Amino acid sequence: MKLQSLLAASFASALIVSASASAQDRSDWPEKFTVGTASQGGTYFAYGSGWAHFISENLGVSGGAEITGGPMQNMALVHTGDLKFGLTTLGPAKESIDGNSPLAPGMKMDNVCAMFPMYQTPFSVTALAGSGIKSISDIPDGAKIGFGPAGSTSDTYFPKMMDALGVKYERRNGSWSDLGGQLQDGLIDVVAFAAGIPIPAVSQLEVQTDVNIIGMTDEEQAKILKNFPVSKFEIPASTYQSLDKPSNVVSMWNFAIANCDVPEDFVYEMTKLTMENNDKMVGIHKAAKSSIPENYSKNTVLPWHPGAARWFNEHGYKIDDSQIK
């Protein structure tokens, strides 16, 4: 009985110490957080808002998503601390770090740190089936092309890609949902999407009307790979009901980001929760199939947040000290 009493007392004491340590560890945590995403109808908003809810629910910190202009604006908002977290694509991230963001020319946004890999952003084209546009070369001169929100990954890179492929167009911007509606109403001819798949706006559009989801020929793909920071990507036929075979395109990696001054322990717990529960992340959005630790090496642009780096290093994914902010 005496031994049992001692064990019980020891266990109770351990619980108190554990609870006390937990409370102490959280002393510098924020009371709430907001994640910068992009426009409604795009993957960033669906992924980001779901992720924020998942973190909030499990860590007990109030959190939510904010609609923004996308990767480029998220880099600016996180750098200045207006938002502590966001989502970005590595192309716009590099331009922002180098001081080449069109939102703040000359400002080197170097207080932004990587947290974890998200997914690849494929660049693909969608047109109404009735338009007769079945390939990029079919796009007529002067076609009105929607490139997504101003400053988004699509708006930053897709017009340049179209230029490289010899397409002559009139540029249009707007949220993915809005551009999908304009395409359906015949106000624009093509939407050039760059977002994680399946893109909500495309999935909704193909339920309402017949569309052509257009990839790239080998020659087009080779030209884009030579001139832009992208890699080959295949959109599986199962992604959309409008596809009867895989679609060959190009893509760019996305990463979750944090202001580098956010407390290390908080980012560590956020990273741990995300990286150790991929099934829950896939439940938020199918693109999260790629949100796995092994893809940490795709980050060749951003410094790592100390909290995120600690989780990766603890689990055998080596991040050198020189890569940590």
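Residues numbered from 1 in each chain as written. Predicted model: local features only at pLDDT ≥ 70, side-chain atom pairs only at ≥ 80, totals over all residues. Heavy atoms only, no water.

**Student:** Account for the overall build of the chain, with residues named and values stated.
**Tutor:** Counting its regular elements, the chain contains 11 helices and 10 strands. Taken over the C-alpha trace, the chain has a radius of gyration of 22 Å; the compact-globule value for 325 residues is 20 Å, and the two agree within 12%. Each principal axis of the C-alpha distribution contributes one length, and for the chain these read about 85 × 45 × 30 Å. For the chain, long-range pairs separated by at least 24 residues make up 75% of all intrachain contacts whose partners lie at least 6 apart in sequence. Carbon and sulfur atoms provide 50% of the accessible area of the chain, an area that totals close to 14,500 Å². (Helix = DSSP H or I, 4+ residues; strand = E, 2+ residues; numbered from the N terminus. Rg over C-alpha atoms; globule rule 2.2 N^0.38 Å. Contact = heavy atoms within 4.5 Å. Areas by Shrake-Rupley, 256 points an atom, 1.4 Å probe, with all protein chains shown as cover.)

**Student:** Which residues make up the pattern of salt bridges, and what values do they have?
**Tutor:** Per the counting criterion, the structure on display carries seven salt bridges. The partner of D155 in a salt bridge is R171, with the nearest N and O atoms 2.9 Å apart. In this pair, D155 sits in helix α5 (residues 153–164) while R171 sits in strand β6 (residues 169–172), placing the two residues 16 residues apart along the sequence. Notably, a salt bridge pairs R172 with E170, separated by 3.0 Å at the nearest N-O pair. We classify R172 as partly exposed; its relative accessible area is 29%. A single network of salt bridges, built from pairs that share partners, joins E264, D265 and R310. (Salt bridge = Lys/Arg side-chain N within 4 Å of Asp/Glu carboxyl O. Buried < 20%, exposed > 50% of the residue type's maximum accessible area, 1.4 Å probe, protein only.)

**Student:** Could you give an account of empty space enclosed by the protein, with specific residues and numbers?
**Tutor:** The tally for this structure, following the rule as stated, stands at one cavity of 30 Å³ or more. Size it by volume and the largest cavity reaches roughly 140 Å³. Forming the walls of the largest cavity are 19 residues, and the residues nearest its centre are A38, Y44, P71, W176 and A194. Those elements that place two or more of their residues in the lining of the largest cavity are α2 (43–59), β4 (112–128) and α5. A breakdown of the residues in the lining of the largest cavity according to their chemical character gives eight nonpolar, 11 polar and no charged. (1 Å grid on protein atoms, 1.4 Å probe; cavity = no way out; pocket = protein on both sides within 12 Å on 5 of 7 lines; lining within 4 Å. Points joined across faces, edges and corners; volume = space filled by probe spheres on them. Nonpolar A, V, L, I, M, F, W, Y, C, P; charged D, E, K, R; others polar.)

**Student:** Describe the packing of helix α4 (residues 90–97) against α5, and please don't skip the residues or the numbers.
**Tutor:** Taken N-terminus to C-terminus, the directions of α4 and α5 make an angle of 95°; their axes are 9 Å apart at the nearest point. Taken together, α4 and α5 sit at an angle that is classed as roughly perpendicular. Between α4, through G91, P92 and E95, and α5, the contact on the second element is made entirely by T153, T156, Y157 and K160. Looking at side-chain class alone, the contact of α4 with α5 contains two nonpolar, three polar and two charged residues. (Axes fitted to C-alpha atoms, helices over the stretch in contact; angles between N-to-C directions. Parallel < 35°, antiparallel > 145°, perpendicular 65-115°, else oblique.)

**Student:** Could you give an account of the packing of α2 against helix α9 (residues 264–275), naming the residues involved and the relevant values?
**Tutor:** Packing of α2 against α9 leaves a shortest axis separation of 11 Å and a crossing angle of 110°. Classified by the angle between their axes, α2 and α9 sit roughly perpendicular to one another. Between α2 and α9 the crossing geometry is right-handed. Every residue of α9 that contacts α2 at W51, F54, I55, N58 and L59 is listed here: F266, E269, M270, L273 and T274. The class makeup of the residues in the contact of α2 with α9 is seven nonpolar, two polar and one charged. (Left-handed = near helix turned anticlockwise from the far one by under 90°.)

**Student:** Help me get a handle on the layout of surface pockets, residues and values and all.
**Tutor:** Roughly 370 Å³ of volume is contained in the largest pocket. Forming the boundary of the largest pocket are 17 residues, of which K134, I213, I214, L243 and K245 lie nearest the centre. Looking at the lining of the largest pocket, the elements that each hand over two or more residues are β8 (211–214) and β10 (247–259). Of all the elements, β8 adds the most residues to the lining of the largest pocket, at four residues. When the residues that make up the lining of the largest pocket are grouped by side-chain class, the tally is six nonpolar, seven polar and four charged.

**Student:** Lay out the state of the cysteines with the relevant residues and their values.
**Tutor:** Where two cysteines share a covalent bond between their sulfur atoms, that bond is called a disulfide. Going through the model one piece at a time under the given rule, you end up with one disulfide. In this model C113 forms its disulfide with C260; the gap between the sulfur atoms is 2.1 Å. Between C113 and C260, the S-S torsion sits near 105°, and that sign places the bridge as right-handed. Of this pair, C113 sits in strand β4 while C260 is found in the loop between β10 and α9, placing the two residues 147 residues apart along the sequence. The residues C113 and C260 share a single accessibility class, namely buried. (Disulfide = S-S within 2.5 Å.)

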